[in-house]
Every structure is written in structure tokens, then in C-alpha cells.
Amino acid sequence: MATFVCRVQFLDDTDPFNSTNFPEPTRPPHYTFREDIPLINQIAGVHRLLRAPHKLDDCALQLSHNGTYLDLESSLSEQRDELEGFQEDIAGTRGKKHSVVLRTQLTVRVHACIGKYMFTYVFNHHWDTPDRKHVPRNLQYMFTYVFNHVTTRRQETCSPRNLQF
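Residues numbered from 1 in each chain as written. Predicted model: local features only at pLDDT ≥ 70, side-chain atom pairs only at ≥ 80, totals over all residues. Heavy atoms only, no water.

**Overview of the overall build of the protein**
When you go through the protein residue by residue, the secondary structure sums to three helices and four strands. When its helices and strands are written in sequence order, the protein yields β-β-α-β-β-α-α. For the protein, the residues scored as buried account for 33% of the 165 residues in total. Summarising the internal contacts of the protein: among those between residues at least 6 apart in sequence, 62% fall at separations of at least 24. Total accessible area on the protein is roughly 10,900 Å²; 53% of this is exposed by carbon and sulfur atoms. (Helix = DSSP H or I, 4+ residues; strand = E, 2+ residues; numbered from the N terminus. Buried < 20%, exposed > 50% of the residue type's maximum accessible area, 1.4 Å probe, protein only. Contact = heavy atoms within 4.5 Å. Areas by Shrake-Rupley, 256 points an atom, 1.4 Å probe, with all protein chains shown as cover.)

In C-alpha cells:
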């Protein structure tokens, strides 16, 4: 029975528009993962330990050292490549260690963004008019608007100076 001991934190990104997200707690506890059991069967223990605000079904695990999301259907032993370099000290950071971050799944965050923009678009463009023959064109405009905004946000947030773990 091989185990993997590491620090665990959560990122409260339940609201994707809150830009002040930093991993919590600041002094992360250690959690012992079993390497032979799929992560989906172990994530509830991490969630309980951290007292995270997420819905358990919406959770994902991300590695802080490279931003990779772990496959919850697989065990850690099946994901050795993603863990490469995880337990090495970070140079010049006084012994700071990496952690596994519990956060909201990317698809859930994307759906929340689309829902918010759809709501905003509908109310800003008066879709409640009786003339509904332009709905397909309006949907195309809305999705173009969402795509352009998400693409711009991704370029802004994916630059190295804006990454938050």
C-alpha cells in the first residue's frame, strides 16, 4: 500500500468573478493519499479536512507547481508524469513546498461565466420584446460576445504575472 503525503489547500473560486482568490489555509495541513485508489474516492476526505465551501460534486484537484488538473477517475500511480517535480523544493523560497489545490472544476466555472454573460446580455439587449424572429441572430451575437470576452480574460489571466495558485 503506497501512500503520497502532501500539503493540501483550497481555492475559493466558487464565484469566478471574484479576483481575490488565494489558496487557503495559509498553513496547509498534510493529507495522505493512497496511490492505488482513484482520487474520486479520496476527494471527500480532502474536502472534509479543509472544510472547503465547494460542492463536493463540483471539485477538482490541481497541482500548484505546474497548474495541471489531476484526473479524478485515475489513481496517483497512474498519473506519475503529472507529479514529476512536485515534491522538490522551490529554489529561493525558504523551503516553500508545493500543494494539491482543491478548487471548482473548470467546466463549472465556464458555465457560471456563460450564465452571467447570458443574463447580462439578455437584460442589456432587451430580449423581452414581442418580436422574437431575431433570436438566432441575437444568440450568435451573444456567443461571439462571450467568446471574445473569455478569450481576452484568458490572455490577461494566463500571463505569468497574473497566475494565482
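Now that the structure is up, let's keep going.
**What to know about the environment of L102**
One can find L102 in strand β4 (residues 99-104). Exposure remark for L102: the relative accessible area of 0% places this residue in the buried category. Sequence-wise, L102 and P23 are 79 residues apart; in three dimensions their C-alpha atoms are separated by 8.9 Å. Setting aside its immediate chain neighbours within four residues, L102 contacts Q9, F10, L11, I43, V46, H47, L50, A52, H54, C59, A60 and L61.

**Some points on the packing of aromatic side chains**
Taken as a whole and judged by the stated rule, the model has two aromatic pairs. The interplanar angle of 40° and the centroid separation of 5.7 Å between the aromatic rings of F4 and F86 together place this pair among those described as tilted. Of this pair, F4 sits in strand β1 (residues 3-10) while F86 is found in the loop between β3 (59-63) and β4, placing the two residues 82 residues apart along the sequence. One exposure class covers both F4 and F86, and it is buried. Between Y31 and F33 the ring centres are 4.8 Å apart and the planes differ by 70°, which places this aromatic pair in the edge-to-face class. With respect to burial, Y31 and F33 carry one shared label: buried. (Phe/Tyr/Trp six-rings, centres within 6.5 Å; stacked < 30°, edge-to-face > 60°.)

**A closer look at the nonpolar core**
Among the nonpolar cores identified, the biggest contains 21 residues, and V8, F33, L61, V100 and L102 are the most heavily contacted of them. Listed by contribution, the elements that provide at least two residues to this core are β1, β2 (30-34), α1 (43-50), β3 and β4. Considering each element in turn, this core owes the most residues, four residues, to β1. Not counting residues within four places of it along the chain, the set of residues in contact with L61 comprises F33, L39, I43, T68, Y69, L70, L72, V100, V101 and L102. (Core = buried A, V, L, I, M, F, W, Y, C linked by side-chain atoms within 4.5 Å.)

**Looking at the sheet that holds β3**
For sheets, the rule is that strands pair by backbone hydrogen bonds, running either parallel or antiparallel. Overall, mixed pairing links the four strands, which are arranged β2-β1-β4-β3 in an open sheet. Here the strands that pair on one side only, and so sit at the sheet edges, are β2 and β3. Across the sheet, the mean angle from the axis of one strand to that of its neighbour is 45°, orientation sign disregarded. Taken together, the five bridges between β1 and β2 define a ladder with antiparallel strand orientation. Across the sheet, the residue bridging to F4 is F33, located in β2. (Pairing = 2+ DSSP bridges. Axes fitted to C-alpha atoms, helices over the stretch in contact; angles between N-to-C directions.)

**Considering α1**
Residues of α1 that are buried include every one of I43, G45, V46, H47 and L50, and no others. Tucked into the core, α1 has its buried residues touching β1, β2, β3 and β4.

**Description of the pattern of salt bridges**
This structure, assessed with the given rule, holds three salt bridges. The salt bridge partner of R34 is D36, with a shortest N-O separation of 3.0 Å. Residue R34 is classed as partly exposed on the basis of its relative accessible area of 28%. On the accessibility criterion, D36 (45% relative accessible area) is partly exposed. (Salt bridge = Lys/Arg side-chain N within 4 Å of Asp/Glu carboxyl O.)

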